[in-house]
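For reference, the chains in residue letters:
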Amino acid sequence: MELITGILSTALLAGGVLALAALGEVLAERVGVVNLGVEGLMSLGALTGIATVAAAPSPVLGFAAALGVGFAFGCVFAAATVLLRANQVLCGLALTLLGSGLAATLGRSYAGAPAAASFPRVVVPGLSEIPVLGPALFSQNLLIYAIYIALPVGLHLLLFKTRHGLNLRAVGENPAAADAAGIPVTAIRFWYVALGSSLAGGAGAYLTLAFVPSWSEGVVAGRGWIAVALVIFAGFRPLTAVAAALLFGVVTALGFVGQARGWPVAPAILSMLPYLGTVAFIILPVVAWRRLRGWFAAPAALGLPYHRDVR
C-alpha cells in the first residue's frame, strides 16, 4: 500500500509540470498558433523562480515572477508570429534555443544550490487520513490542486461552455470567417499565445520550486517537448491534457521507484521511460487515425498565419 501511495504522490508532482505547460499550449493551439518554444519558456521560468526566491524567499512571488517572464517572452513570440506573420515553427525553435541558452548562462551562479523557499505541502484534515489515496491526494502543495482541478476545469468551461470560447475555437478553425463575423482575430491570437506562454513559464517555476527545488542547467530535460506531444495526444482538450500528464507522471514515478528499489533494469532505461512514452503517444494517433481522427484532429488553421486581406 505504501508503494502505491508513493507512486501516486510522485506521479502528481511529476505530472503537474507537464500539465501546466500543456494547458498553456492548448490555449495557443486552439487559436491557431503552434508554440514550439515551450522548452525555452520553461527554462526561463525555472531560473526566474529560483532567482526570485533567492532575493525574496517567497515561492508565491517566485511563481508570479515566472508567469510574468513567460508572458513577456510570449508577447515577443506573438508579435513575431501573429503581427509580423513570421514562420511559427522557426520562431518557436528560436525561442527554445534563446530561452534555454539564456537560462543556462544566467543561472550559473545558482547551479546546484537548493531553492531558498519552496511550496510546502498542505495537509487536508480528515481526507489525508484516507488509506492509500489520502496521503497522496490530500497532502500536496497548493499548486497541485490548481493545476489538476481549478485550471483545467476553468479552461474547459471557457472553451466549450461560453460564447467567448466559441470565438476562440472559431479563430483556430477559420479565422477568415471569424473575422467576417466581427471577432478580433489578431487580438485573440496575440493575447492567448502570450497567456499560454505565461503558463509555460509558470510550469518551469513549478519544477524548481515544488518538484525539484533546485536549479541546474538542463533541469527542464525535454519536458517542454513532451508537453507539446501531450496536447496532440489529448486532442487539444484541457481536461484530457491533464489526464495524459498524470499518466506520464505515473511513468516517471515508476522510473524513480524502480531505481530506489533496485529493480533489475538498467537505470538508463528507467530514466528513458517518459521519453519512450512520448514516442508511443505520437505513434498512437497515426495507428488509430481512421477510427479516431475526429478526436486527434487539430484546429484547421493551426500553424497558418492569417492575412486579413485574403478572404
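Note that the coordinates shown come from a computational prediction; the quantities given were computed from them, not determined experimentally.

## Structural notes on the overall build of the protein
Step number 1: For the protein, the count of helices and strands is 13 helices and two strands.
Step number 2: Looking at the protein as a whole, 49% of its 311 residues qualify as buried.
Step number 3: Of the contacts formed within the protein by residues at least 6 apart in sequence, a portion of 78% connects residues at least 24 apart.
Step number 4: Total accessible area on the protein stands at roughly 13900 Å², and carbon and sulfur atoms take up 70% of it.

## Overview of the side chain of threonine 5
Step number 1: Following the sequence through the fold, threonine 5 ends up in helix H1 (residues 2-30).
Step number 2: Assessed through its relative accessible area of 15%, threonine 5 is described here as buried.
Step number 3: Contact partners of threonine 5, with chain neighbours within four places excluded, come to Val132, Pro135 and Ala136.

## Things to note about the packing of helix H7 (residues 163-173) against helix H9 (residues 185-211)
The relative placement of two packed helices is expressed as an angle between their axes plus a distance between the axes.
Step number 1: At a closest axis distance of 10 Å, the pairing of H7 and H9 adopts a crossing angle of 95°. Of the possible angle classes, the one that applies to H7 and H9 is roughly perpendicular. Where H7 approaches H9, its residues His164, Leu168 and Val171 are matched on the opposing element by Val185, Ile188, Arg189 and Tyr192.

## Description of H7
Step number 1: All buried positions along H7 are accounted for by Gly165, Leu168, Val171 and Gly172. Projected down its long axis, H7 shows its buried positions confined to an angular sector of 115°, all on one face.
Step number 2: Those residues of H7 that are buried are in contact with H1, helix H6 (142-161), helix H8 (175-180) and H9.

## A short note on the UniProt feature "transmembrane region" (unreviewed entry) in the protein
Step number 1: Residues annotated in UniProt with the feature "transmembrane region" (unreviewed entry) correspond here to residues 60-83, 90-111, 142-160, 190-212, 224-257 and 269-289.
Step number 2: Segment residues 60-83 splits into 100% helix and 0% strand. End C-alpha atoms: 33 Å apart.
Step number 3: Secondary structure within residues 90-111 divides into 77% helix and 0% strand; the distance between the first and last C-alpha atoms comes to 30 Å.

## As for the environment of asparagine 87
Step number 1: Examined against the element boundaries, asparagine 87 turns out to sit in the loop between helix H3 (59-83) and helix H4 (88-106).
Step number 2: For the pair asparagine 87 and proline 305, spaced 218 residues apart in sequence, the C-alpha separation works out to 8.0 Å.
Step number 3: From its side chain, asparagine 87 meets the backbone nitrogen of leucine 90 in a polar contact 2.9 Å long.

## Topic: the packing of helix H2 (residues 38-55) against H9
Step number 1: Two elements in contact, H2 and H9, have axes separated by 6 Å at closest approach and are oriented at 50°. In terms of orientation, H2 lies oblique with respect to H9. For the element pair H2 and H9, the recorded crossing hand is right-handed. Between H2 and H9, the residues in contact are Val38, Leu41, Met42, Gly45, Ala46, Gly49, Ile50 and Val53 and Ser197, Ala200, Gly201, Ala203, Gly204, Ala205, Thr208 and Leu209, respectively.

## Description of the packing of aromatic side chains
Any two aromatic rings considered together are summarised by their centre-to-centre distance and by the angle between their planes.
Step number 1: Throughout the structure, instances matching the rule amount to three aromatic pairs.
Step number 2: An angle of 85° between the planes, with centres 6.2 Å apart, marks the rings of phenylalanine 63 and phenylalanine 119 as edge-to-face. Linking phenylalanine 63 in helix H3 with phenylalanine 119 in the loop between H4 and strand S1 (122-123), this pair joins segments that are 56 residues apart in sequence.
Step number 3: Relative to tryptophan 191, the ring of phenylalanine 190 lies with its centre 4.9 Å away and its plane at 75°, an arrangement referred to as edge-to-face.

## What about the confidence of the model for the protein?
Step number 1: Predicted confidence across the protein gives a mean pLDDT of 88, with 89% of residues reaching 70 or more.
Step number 2: Averaged pLDDT values over the elements of the protein bottom out at 60 in helix H13 (residues 289-296) and peak at 97 in H3.

## Observations concerning a nonpolar patch on the surface
Step number 1: On the surface, a nonpolar cluster with roughly 350 Å² of combined accessible area is contributed by Val89, Leu90, Leu93 and Trp225.
Step number 2: With three residues, H4 is the largest single contributor of residues to the nonpolar patch.
Step number 3: As for its position among the elements, tryptophan 225 is in helix H10 (residues 223-233).

## Notes on the side chain of serine 198
Step number 1: Mapped onto the fold, serine 198 is located in helix H9.
Step number 2: Setting aside residues up to four positions removed in sequence, serine 198 forms contacts with Ala66, Leu67, Gly70 and Phe71.

## Section: the environment of alanine 21
Step number 1: Within the secondary structure layout, alanine 21 lies in helix H1.
Step number 2: With relative accessibility at 1%, the residue alanine 21 sits in the buried group.
Step number 3: Measuring from C-alpha to C-alpha, the distance between alanine 21 and alanine 203 comes to 5.5 Å, with 182 residues separating the pair along the chain.
Step number 4: If sequence neighbours within four positions are ignored, alanine 21 has contacts with Val38, Met42, Ala200, Ala203 and Ala227.

## A word on unusual backbone geometry
Step number 1: Located in the positive-phi region is alanine 221, a residue other than glycine, with phi close to 55°.
Step number 2: For alanine 221, the position within the fold is in the loop between H9 and H10.
Step number 3: Although it is not a glycine, phenylalanine 236 adopts a positive phi angle of roughly 60°.
Step number 4: Look at phenylalanine 236 and you get buried, because its relative accessible area is 3%.

The rules we used
Residues numbered from 1 in each chain as written. Predicted model: local features only at pLDDT ≥ 70, side-chain atom pairs only at ≥ 80, totals over all residues. Heavy atoms only, no water. Helix = DSSP H or I, 4+ residues; strand = E, 2+ residues; numbered from the N terminus. Buried < 20%, exposed > 50% of the residue type's maximum accessible area, 1.4 Å probe, protein only. Contact = heavy atoms within 4.5 Å. Areas by Shrake-Rupley, 256 points an atom, 1.4 Å probe, with all protein chains shown as cover. Axes fitted to C-alpha atoms, helices over the stretch in contact; angles between N-to-C directions. Parallel < 35°, antiparallel > 145°, perpendicular 65-115°, else oblique. Arc of directions from axis to C-beta. UniProt positions renumbered as here; feature names shortened; annotations may be inferred. Polar contact = N/O pair within 3.5 Å; in protein donor to acceptor, adjacent residues only side chain to side chain. Left-handed = near helix turned anticlockwise from the far one by under 90°. Phe/Tyr/Trp six-rings, centres within 6.5 Å; stacked < 30°, edge-to-face > 60°. pLDDT = per-residue confidence, 0-100. Patch = residues over 30% accessible without salt bridge, like charges linked within 9 Å, V, L, I, M, F, W, Y side chains within 5 Å. Salt bridge = Lys/Arg side-chain N within 4 Å of Asp/Glu carboxyl O.

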